[in-house]
Amino acid sequence: MELKICHLYPDILNLYGDRGNVTCLKKRLEWRGIDCTVEGISIGQKLDASQYDLFFIGGGQDFEQEVLLEDLRGDKSLQIKSAIEDEKPFLAICGGYQILGSYYKTWDGQQCDFIGALDLYTIGHKDRMIGNYMYTCDDLEGQTVVGFENHSGKTYLGSGVRPIGRVLSGFGNNGEDGFEGARYKNVYATYSHGCLLPKNPAIADMLLRWALERKYPNVSLAALDDTLEHGAHSYMEARLRAAQNH
Ligand code: GLN
């Protein structure tokens, strides 16, 4: 068995070590004896989405998002949209999450028309939403997810997508409606930067299961010893809950 991961814009969209999530996916496959290759596709490189089983797109500042606008037009956005419609799993983080939506209006009035693969849009505000935060995941029976967010964009979901879950602490999509992230087909789009998957291994395995089941029906994922990962998760969950009680 083998999964091929496509890392979109690895040299441009990589805040807070977002790329560590790709390492985590690869390791969790290899620990189970499943092969994994990772290929980066960046500006000026042709994307043939049919070659890949799983996609990752990290976060970036407004500047980097504007730099990508030209490259995203045309065939690349068609390839991304068709892979999403084809139920290929995507993990998209912050700036990468916003790019999958229809547009982003920066806080200083710059209009970025994005690819419109997901029914959502983002409006920038002067005040940033920054910090460790926590939310529930509907796909994992309300299990908590801990993450780190830093964005000025407030994202609003249309009826074509659903949120990942509810914010328990922090801001999430917009700090207003209590929701975090967007789910559509096999897309998991979130504001959680950095080591999302290492400290939330259930999300990593959910993405791997989606990818493997598309390719190899009836596959099952062997359990791993996640003692360290669960320790990191519960440490942050306890810290956030303690802060709320002050
Ligand atoms: N530029 C976007 C914002 O500030 C995304 C930032 C990010 O990926 N951290 O909302």
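As the structure is a prediction and not an experimental result, all values here were calculated from the model.

## Considerations on the packing of helix α1 (residues 20–30) against helix α6 (residues 201–215)
Thought 1: Viewed as axis vectors pointing N to C, α1 and α6 meet at an angle of 70°, and their least axial separation amounts to 10 Å. The angle between α1 and α6 falls in the class roughly perpendicular. The handedness of the crossing between α1 and α6 is right-handed. Along the contact surface, α1 presents C24, L25, R28 and L29, while α6 presents P201, A204, D205, L208 and L212.
Thought 2: Grouping the amino acids of the contact of α1 with α6 by side-chain chemistry returns 7 nonpolar, no polar and 2 charged.

## A short note on α1
Thought 1: Considered for burial, the residues of α1 that qualify are N21, V22, C24, L25, R28 and L29. Projected down its long axis, α1 shows its buried positions confined to an angular sector of 160°, all on one face.

## A word on unusual backbone geometry
Thought 1: Located in the positive-phi region is Y16, a residue other than glycine, with phi close to 50°.
Thought 2: Within the secondary structure layout, Y16 lies in the loop between β1 (2–8) and α1.
Thought 3: For Y16, a relative accessible area of 41% translates into the label partly exposed.
Thought 4: For E87, which is not a glycine, the phi torsion comes out positive at approximately 70°.
Thought 5: Of note, E87 is situated in the loop between α3 (75–85) and β4 (90–93).

## Brief notes about the packing of aromatic side chains
Thought 1: Enumeration according to the criterion identifies 7 aromatic pairs in this entry.
Thought 2: Here the aromatic rings of F55 and F90 are separated by 4.5 Å at their centres, their planes lie at 5°, and the arrangement is stacked. With F55 in strand β3 (residues 54–57) and F90 in strand β4, this pair connects stretches of sequence that are 35 residues apart. Comparing F55 with F90 shows no difference in burial state: the two are buried.

## Points about the pattern of salt bridges
Pairs can form between side chains of opposite charge once their charged atoms are near each other.
Thought 1: One pass over the structure, following the stated rule, counts 15 salt bridges.
Thought 2: Here K4 makes a salt bridge to E39, at a shortest N to O gap of 4.0 Å. Remark: E39 occurs in strand β2 (residues 35–41) and K4 occurs in strand β1; sequence separation between them is 35 residues.
Thought 3: For E39, a relative accessible area of 34% puts it in the partly exposed group.
Thought 4: Taking the shortest distance from any N to any O, the salt bridge between D86 and R214 comes out at 3.4 Å. Here D86 is found in the loop between α3 and β4, whereas its partner R214 is found in helix α6, with 128 residues between them in sequence.
Thought 5: Accessibility expressed as a relative area gives 34% for R214, which makes it partly exposed.

## Here we look at the site of the ligand
Thought 1: Around the ligand there are 16 residues in total, and D62, Q65, C94, G153 and H193 lie nearest to it.
Thought 2: At 2.9 Å from an oxygen atom of the ligand is found a main-chain nitrogen or oxygen belonging to G95.
Thought 3: Q98 has a polar side-chain atom sitting 3.0 Å from an oxygen atom of the ligand.
Thought 4: For the ligand, the accessible surface in isolation is 300 Å², of which the surrounding protein chains cover 99%.
Thought 5: Residue assignment for the shell around the ligand shows that the elements contributing at least two residues are α2 (62–72), α4 (95–100) and β8 (143–157).
Thought 6: Broken down by element, the shell around the ligand gets its largest block of residues, 4 residues, from β8.
Thought 7: Here the residues of the shell around the ligand are counted per class, giving 3 nonpolar, 11 polar and 2 charged.

## Overview of the environment of M206
Thought 1: Mapped onto the elements of the fold, M206 is located in helix α6.
Thought 2: With relative accessibility at 4%, the residue M206 sits in the buried group.
Thought 3: Residues M206 and T122 lie 84 residues apart in sequence; the distance between their C-alpha atoms is 26 Å.
Thought 4: If near-sequence neighbours (up to four positions away) are discounted, M206 is found in contact with D139, L140 and Y188.

## Some words on the sheet that holds β2
Hydrogen bonds between backbone groups are what pair the strands of a sheet, and the pairing can be parallel or antiparallel.
Thought 1: Strand order in the open sheet formed by 6 strands is β2-β1-β3-β4-β12-β11, and the pairing between neighbours is mixed. The open sheet has two edge strands, β2 and β11 (182–184), and neither has a second partner. Mean inter-strand twist for the sheet, computed between neighbouring axes without regard to direction, equals 15°.
Thought 2: Pairing of β4 with strand β12 (residues 187–190) involves 4 bridges; the strand directions are parallel. Directly across from A92, in β12, lies its bridge partner A189.
Thought 3: Sheet strands touched by α1: β1, β2, β3 and β4. Its angle to β2, the strand with the most contacts, is close to 160°.
Thought 4: Taken strand by strand, α3 contacts β1, β2, β3, β4, β11 and β12, and its axis lies near 125° from that of β4.

Procedures and definitions
- Residues numbered from 1 in each chain as written.
- Predicted model: local features only at pLDDT ≥ 70, side-chain atom pairs only at ≥ 80, totals over all residues.
- Heavy atoms only, no water.
- Axes fitted to C-alpha atoms, helices over the stretch in contact; angles between N-to-C directions.
- Helix = DSSP H or I, 4+ residues; strand = E, 2+ residues; numbered from the N terminus.
- Parallel < 35°, antiparallel > 145°, perpendicular 65-115°, else oblique.
- Left-handed = near helix turned anticlockwise from the far one by under 90°.
- Contact = heavy atoms within 4.5 Å.
- Nonpolar A, V, L, I, M, F, W, Y, C, P; charged D, E, K, R; others polar.
- Buried < 20%, exposed > 50% of the residue type's maximum accessible area, 1.4 Å probe, protein only.
- Arc of directions from axis to C-beta.
- Phe/Tyr/Trp six-rings, centres within 6.5 Å; stacked < 30°, edge-to-face > 60°.
- Salt bridge = Lys/Arg side-chain N within 4 Å of Asp/Glu carboxyl O.
- Near = heavy atom within 4 Å.
- Polar contact = N/O pair within 3.5 Å; in protein donor to acceptor, adjacent residues only side chain to side chain.
- Areas by Shrake-Rupley, 256 points an atom, 1.4 Å probe, with all protein chains shown as cover.
- Pairing = 2+ DSSP bridges.

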